[in-house]
Amino acid sequence: MEVKADEIAAILQRQLQDYQADVDVAEVGTVLSVGDGIARIYGIEKCMAGELLQFPNDVYGMALNLEEDQIGAVLMGDSRDVEEGDEVRSTGRVMEIPVGKGMAGRIVDPLGRPVDGKGPIEADDHYPLERIAPGVIDRQPVSIPLQTGIKAIDSMIPIGRGQRELIIGDRQTGKTAVAVDTIINQKGGDVICVYVAIGQKRSTVAQVVQKLEDYGALEHTIVVSATASEPAPLQFIAPYAGCAMAEYFMYNGQHALVIYDDLSKQAASYREVSLLLRRPPGREAYPGDVFYLHSRLLERAAYLSEANGGGSLTALPVIETQAGDVSAYIPTNVISITDGQIYLEADLFNSGVRPAVNVGISVSRVGGNAQTNAMRKNCGTLRLDLAQYRSLAAFAQLGSDLDKVTRAQLSRGERMVELLKQPQYEPVDVVNQVLSLIAGGSGLLDTLNTEFVLPFEVELHRYFQEEAQDVCEEIASKGKISDELREKIDAGMKVVSDRFLAENPSAAAEA
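Residues numbered from 1 in each chain as written. Predicted model: local features only at pLDDT ≥ 70, side-chain atom pairs only at ≥ 80, totals over all residues. Heavy atoms only, no water.

Along its length, the protein carries 16 helices and 17 strands. Dimensions of the protein along its principal axes, counting C-alpha atoms only, are 130 × 50 × 40 Å. For the protein, buried positions account for 51% of its 511 residues. Put simply, 74% of the contacts in the protein that link residues at least 6 apart link residues at least 24 apart. In the protein, which carries 47 positive and 73 negative side-chain charges, the distance between the mean positions of the two groups comes to 5 Å. (Helix = DSSP H or I, 4+ residues; strand = E, 2+ residues; numbered from the N terminus. Buried < 20%, exposed > 50% of the residue type's maximum accessible area, 1.4 Å probe, protein only. Contact = heavy atoms within 4.5 Å. Lys, Arg positive; Asp, Glu negative; His and termini not counted. Charge placed at Lys NZ, Arg CZ, Asp CG, Glu CD.)

Looking along the chain, the bond that leaves D261 and enters D262 is cis, with omega of 0 degrees. Cis geometry is found at the peptide bond from R354 to P355, where omega equals 5 degrees. Phi angles above zero are rare outside glycine, and I44 is one such case at about 50 degrees. Looking at where I44 falls in the secondary structure, it is placed in the loop between β2 (38-43) and β3 (51-55). Positive phi values are uncommon outside glycine, yet E284 reaches one of about 50 degrees. Along the polypeptide, E284 turns up in the loop between α6 (263-276) and α7 (290-298). A residue is classified by how much of its surface remains accessible, and E284, at 44% relative accessible area, is partly exposed.

For the rest of this paragraph, the subject is the nonpolar core. The biggest cluster of nonpolar side chains holds 78 residues, and the ones touching the most others in it are L212, L435, F464, I489 and M493. Here this core takes six residues from helix α13 (residues 430-441), the largest share from any one element. Discounting residues that sit within four places of it in the chain, L212 has contacts with V180, I183, I184, A217, L218, T221 and V223. By size, the runner-up hydrophobic cluster in this structure holds 63 residues, among which are I192, I198, C243 and A302. (Core = buried A, V, L, I, M, F, W, Y, C linked by side-chain atoms within 4.5 Å.)

This next bit is on the sheet that holds strand β6 (residues 87-94). Strand order in the closed barrel made by the six strands is β1-β2-β5-β4-β3-β6, with antiparallel pairing throughout. In this sheet, neighbouring strand axes are inclined to one another by 45 degrees on average, regardless of whether the strands run parallel or antiparallel. Note that strand β1 (residues 28-35) and β6 share three bridges and pair antiparallel. Residue T30 lies in a different strand from β6, and its bridge partner there is E87. (Pairing = 2+ DSSP bridges. Axes fitted to C-alpha atoms, helices over the stretch in contact; angles between N-to-C directions.)

Looking now at helix α14 (residues 453-466). Its 14 residues place the ends of α14 20 Å apart at the C-alpha level, agreeing with the 20 Å of an ideal helix rising 1.5 Å per residue. Among all positions in α14, only V453, F456, E457, L460, H461, Y463 and F464 are buried. Each buried residue of α14 sits inside an arc of 160 degrees when the element is viewed along its axis, so together they form one side. Exposed residues lying more than 90 degrees from the buried face of α14 are V458 and E466. (Expected span 1.5 Å × (residues − 1). Arc of directions from axis to C-beta.)

The next thing to look at is the packing of aromatic side chains. For any pair of aromatic rings, geometry is given as the distance between the ring centres together with the angle between the planes. All chains considered together, the criterion is met by nine aromatic pairs. Seen in terms of ring centroids, Y215 and Y425 are 5.3 Å apart; in terms of plane orientation they differ by 25 degrees. Their pairing is stacked. In this pair, Y215 is assigned in the loop between α4 (202-214) and β12 (221-226) and Y425 in the loop between α12 (404-419) and α13, connecting sequence segments 210 residues apart. Residue class for Y425 comes out buried when judged on its relative accessible area of 18%. Seen from their ring centres, F236 and Y240 are 6.1 Å apart, and the 75 degrees between their planes marks the pair as edge-to-face. Remark: Y240 and F236 occur in helix α5 (residues 232-250); sequence separation between them is four residues, near one turn of the helix. Taken together through their ring pairs, the aromatic side chains of Y127, Y248 and F249 make up a single cluster. Lying across the ring of Y286, R271 places its NZ or CZ 4.2 Å from the centre. Positioned above the aromatic ring of Y292, the side-chain terminus of R296 is 4.9 Å from the ring centre. (Phe/Tyr/Trp six-rings, centres within 6.5 Å; stacked < 30°, edge-to-face > 60°. Lys NZ or Arg CZ within 6 Å of the ring centre and 35° of its normal.)

This part covers the pairing of strand β10 (residues 166-169). Alternating residues of β10 divide into L166 and I168 and I167 and G169, and every residue in both groups is buried. With four bridges connecting them, β10 and strand β16 (residues 340-344) associate as parallel partners. Bridge assignment links I168 to a residue of β16, and that residue is Y343. Sheet topology places β10 next to strand β15 (residues 312-320); three bridges connect them, and they run parallel. Each residue of the ladder has a partner; that of G169, found in β15, is E320.

As a further point, take helix α16 (residues 483-503). With 21 residues, α16 extends 30 Å between its outermost C-alpha atoms, agreeing within 8% with the 30 Å of an ideal straight helix rising 1.5 Å per residue. Buried within α16 we find L485, I489, G492, M493, V496, S497 and F500. Viewed end-on, α16 has its buried residues packed into an arc of 145 degrees, placing them on one side of the element. For α16, exposure combined with an orientation more than 90 degrees from the buried face picks out D483, E484, E487 and A502. Contact partners of the buried residues in α16: α13, α14 and α15 (469-478).

Right under this line is the structure:
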């Protein structure tokens, strides 16, 4: 049989035309050493800073150190699953996490994976962990209040949407309580909350979640859990993950509140990672960029201009101090980045003043801009009066021979301190707060013994909610108090005072 060359050529040509090459192109490196959650990798020449790297056994890592001959990466899983000589693949994308409306009401880890046993989460998008903060032109001034429901904070240290307000104090002074009450107070509103738990015990996180569920606040909250048992890299990225989840709502024209509880533990985990990566240590063994660690996170809080959708992201970072030392390294760093701080004092907490807000060194740099007119007008001098009361009270302990004016000032201050006390998980709406402050500022409480101040306040709120609803509706809708409305409020308060003293004759203070 004769073989024809042109037939063979035609067959080969047909086969070559139909040939499809499935080539898997990927940058691959090799693990040089692994241990303590750190992997050193040779290869992957085009690796980016913060790039997601894929290791065997479904372990992922993030490239942090880009050195001349190798890469230092932190592992987001168990380092025992990775061995020397393993193959590492580049993903070609920076570290990113799933975000979306489906996250609300769920508990996730810092990689966006659900840990609440309620099944998978449908993500609307993926956002990078690190994002450049909006510029000055893209923002608008903070002007809308974010009500915490805590009388002492909303009246004296107001927080506005888009602000960064630090909650600082020793351990067990009620920092998490302030954060949780603020989340509960957003129930039924338009603010989505993200609570980031960093380095806490699992039992503590479970208690917070339970409280949020009990008070119906979990449905508008995302809980990002990086507990003390998680590897240091996960604790380090947790705040950035929470911020990215909150940014999704901000960039879609909604309002978000993110709480980082707490950044002291994040700084400690970053110090651990940096020392393992052999970065040079600085003050207190923290790396030199520990300030940038927090500034690039907190600068992402913003109130966007209308041209950018008008969304907002409010940040409430928490910092734990040691023996009240606010001049330590990490506390001073974060104080200088934020727009004010709420300082919770252990001595006040132990003496029964809760929330234990020290009005002397607590401040909001946004101030009255983030308050309604009604609130601003009725609490203008409250901070100053309380600060004067504290110094007078300390002075009065030295002697009993006080003039009438000083005694009156001490009496008023004592009742205002009592009025600002508030049980946990019981946020007060802004209308009732205004009514309480009017009662305190007008001297109505001066006629009562101190222990009857809070029972009187309950009666005052009940009267206006049930018998003078038109007053409450006008304060809520207009946000300011006209002369005519003030007359109605004063008349109502006189009725409540007369009734209360008639029912409780022992409540009347001695003249």
